[in-house]
Amino acid sequence: MLIIGNGRMITRNPEAPFLEDGAVAMDGSTIMKVGTTKEIKEAYPDAEYIDAKGGVIMPAFINAHEHIYSAFARGLSINGYDPHGFLEILDGMWWTIDRNLTLEETRLSAMATYIDSIKNGITTTFDHHASFGHIRDSLFKIEEAAKETGVRSCLCYEISDRDGMDKAREAVMENAAFIKHALADDSDMIAGMMGMHAQFTISDETMALAAANKPAEVGYHIHVAEGIEDLHDCLKKYGKRIVDRLMDCNILGPKTLLGHCIYVNPHEMELIKETDTMVVHNPESNMGNACGCPPTMEIVHRGILTGLGTDGYTHDMTESYKVANVLHKHHLCDPNAAWGEVPQMLFEGNAKIANRYFKKPLGVLKEGAAADVIVTDYIPLTPMNAGNVNSHILFGMTGRSVTTTVGNGKVLMKDRILTNIDEEKVMADCRQAAKELAERINSR
């Protein structure tokens, strides 16, 4: 038994959304009881106790779109890289990195990403992987890191024809093998999807191969209309818009996650809504790649299940919250935009997305939910209550406000110290691997 108490508690449970002096009791991987610190300590007098010291206790974060393979890009300078558009960014930076990754570098990229995620209070991640230099077993290497660090993960490999049909087929088979493995796993900590890069790098033949090897229990994870080039390609090659092509290929559906959706029109949104397909918004990446601002507010208003991701740009969900908040206000020239929509995406949408792949309720502190809990050192300057907790998070917290992270009932970080990982050793290995990767890329 574990209790975290003596904190202002945000539960995300509408029946009891906020407790001034709250506590949560966990037994194994499950939350047993939520209440006042006095109630919980009296109910479980022998439980281990973590004192939140007046900080904020809340559900751990979920990242709905991550790119582990980008971990070693930080500070990387590639000889001759001078992009003048989104396609040049993809080929010059990201595809160059993924073509050069070894299996061990993929594992270490995952370790680095998961460590940073834990430090920022993330315990569930949907990753979209690419390593075209070493495809086979790459998802299993990421799973090794997920198990070692304790982060719940839904993984997929990015199918693409960009490096030839042999590698496209190998990518399909890597997804199929991992999905089969994940479906047989009963830990509720690992899941698989059929990953796809984007329609403009996937032929009808590869689409059909992916469909033939995808179990009915899972969907697809694909980038959609991230750049205008993707839309132009689809119109030119197929005479239809992207979501129409995905509809015709039977890719849409309640288990499918569409990343970005920048260049989609109302007709496409209607298809997404009618098929109950999920969408994930990645504001920093869209801005950083100069791809444009997606119509995310309209997508949310139409009732489409929409989440928030980082796209590997950061591992801090509060950072993406802040950026999304100002992006849509600025883009729409409306100071009232995004106040409700973005926290809905982060705190409700991400949990609903995750629970289409994981059984135990996530993103909420209530009896029977997953024991995924974080503590932050944020002590509010102004009154805090159920009606203004999101504003306190938006303006008062960052990811590094997190002091303690509990994932699936295990204390992964306490007082900002990782408890089950030799962080110094792992990060030393990561730094060496990143150096070797950079040298290998620039020697070619």
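Residues numbered from 1 in each chain as written. Predicted model: local features only at pLDDT ≥ 70, side-chain atom pairs only at ≥ 80, totals over all residues. Heavy atoms only, no water.

(A) Up close: the packing of helix α5 (residues 165-183) against helix α6 (residues 204-212). Interaxial distance between α5 and α6 falls to 9 Å at its minimum, and their mutual angle equals 20°. In terms of their interaxial angle, α5 and α6 are classed as roughly parallel. The interaxial crossing formed by α5 with α6 has right-handed handedness. Across from Met165, Ala168, Arg169, Val172 and Met173 in α5, the residues of α6 making contact are Glu205, Thr206, Leu209 and Ala210. Taken together, the residues that form the contact of α5 with α6 break down as six nonpolar, one polar and two charged. (Axes fitted to C-alpha atoms, helices over the stretch in contact; angles between N-to-C directions. Helix = DSSP H or I, 4+ residues; strand = E, 2+ residues; numbered from the N terminus. Parallel < 35°, antiparallel > 145°, perpendicular 65-115°, else oblique. Left-handed = near helix turned anticlockwise from the far one by under 90°. Contact = heavy atoms within 4.5 Å. Nonpolar A, V, L, I, M, F, W, Y, C, P; charged D, E, K, R; others polar.)

(B) Fine view of helix α15 (residues 423-442). Over its 20 residues, α15 extends 28 Å from the first C-alpha to the last, a length consistent with the 28 Å expected when each residue adds 1.5 Å. Listed as buried for α15 are Val426, Cys430, Ala433, Leu437, Ala438 and Ile441. Down the axis, α15 shows its buried residues gathered within 140° of arc, on one side only. α15 presents Glu424 and Arg431 as exposed residues on the side facing more than 90 degrees away from its buried surface. On the buried face of α15, the contacting elements are α2 (86-100) and α3 (103-119). (Expected span 1.5 Å × (residues − 1). Buried < 20%, exposed > 50% of the residue type's maximum accessible area, 1.4 Å probe, protein only. Arc of directions from axis to C-beta.)

(C) Layout of the sheet that holds strand β11 (residues 220-224). With respect to topology, five strands assemble into an open sheet ordered β10-β11-β12-β13-β14, the strand pairing being parallel. In this open sheet, the two strands that pair with only one neighbour each are β10 (194-198) and β14 (306-308). Taking the axes of each pair of neighbouring strands and ignoring which way they run, one obtains an average angle of 25° across the sheet. Taken together, the three bridges between strand β12 (residues 257-260) and strand β13 (residues 278-281) define a ladder with parallel strand orientation. Residue pairing for β13: Leu258 is matched across the bridge by Val279. On the sheet, helix α12 (residues 317-332) packs against β13 and β14 and is oriented at approximately 120° with respect to β14. The strands that helix α13 (residues 341-354) touches are β12, β13 and β14; relative to β14, the one it contacts most, it runs at about 105°. (Pairing = 2+ DSSP bridges.)

(D) Summary view of the sheet that holds strand β8 (residues 152-155). Spatial strand order, β6-β7-β8-β9: four strands in an open sheet with parallel pairing. The open sheet has two edge strands, β6 (61-66) and β9 (190-192), and neither has a second partner. Strand-to-strand twist in this sheet, taken as the mean axis angle between neighbours without regard to direction, amounts to 10°. Bridge count between β8 and β9: three bridges; the pairing is parallel. Bridge pairing in β9 links Ser153 to Ile190.

(E) Structural detail: the layout of surface pockets. Of the voids in this model, the largest pocket is the one considered here, and its volume is about 480 Å³. As for the largest pocket, its lining consists of 24 residues, of which Ser70, Trp94, Asp311, Gly312 and Tyr313 are closest to the centre. For the lining of the largest pocket, the secondary structure elements donating two or more residues are α2 and α10 (283-288). Ranked by residue count, the leading element in the lining of the largest pocket is α2, at five residues. Classifying every residue of the lining of the largest pocket by side-chain character gives ten nonpolar, ten polar and four charged. Considered as a void within the structure, the second largest pocket measures approximately 340 Å³ in volume. Lining the second largest pocket are 18 residues, with Ala71, Phe72, Arg74, Ala112 and Met427 positioned closest to its centre. Top contributing element to the lining of the second largest pocket by residue count: α15, with six residues. For the lining of the second largest pocket, the class distribution of residues is nine nonpolar, three polar and six charged. (1 Å grid on protein atoms, 1.4 Å probe; cavity = no way out; pocket = protein on both sides within 12 Å on 5 of 7 lines; lining within 4 Å. Points joined across faces, edges and corners; volume = space filled by probe spheres on them.)

(F) Layout of the pattern of salt bridges. Counted by the stated rule, this structure contains 24 salt bridges. Between Arg356 and Asp276 there is a salt bridge; the shortest N-O distance is 3.0 Å. Here Asp276 lies in the loop between α9 (266-274) and β13 and Arg356 lies in the loop between α13 and β15 (373-376), a separation of 80 residues in the sequence. Residue Glu439 pairs with Lys435 through a salt bridge whose shortest N-O separation is 2.8 Å. Highlighted residues: Glu439 and Lys435, both in helix α15, separated by four residues, approximately one helical turn. One network of salt bridges, in which partners are shared, links Arg74, Asp116 and Arg400. (Salt bridge = Lys/Arg side-chain N within 4 Å of Asp/Glu carboxyl O.)

(G) Expanded view of unusual backbone geometry. Despite not being glycine, Asn408 shows a phi value in the positive range, around 55°. By secondary structure assignment, the location of Asn408 is in the loop between β16 (402-407) and β17 (410-414). Look at Arg416: it is not a glycine, yet its phi comes out positive at around 65°. Among the structural elements, Arg416 can be located in the loop between β17 and β18 (417-418). For Arg416, a relative accessible area of 39% puts it in the partly exposed group.

(H) Region of interest: the environment of Ser443. With respect to the helices and strands, Ser443 occurs in the segment after α15. Along the backbone, Ser443 and Glu284 are 159 residues apart, and their C-alpha atoms lie at a distance of 31 Å.

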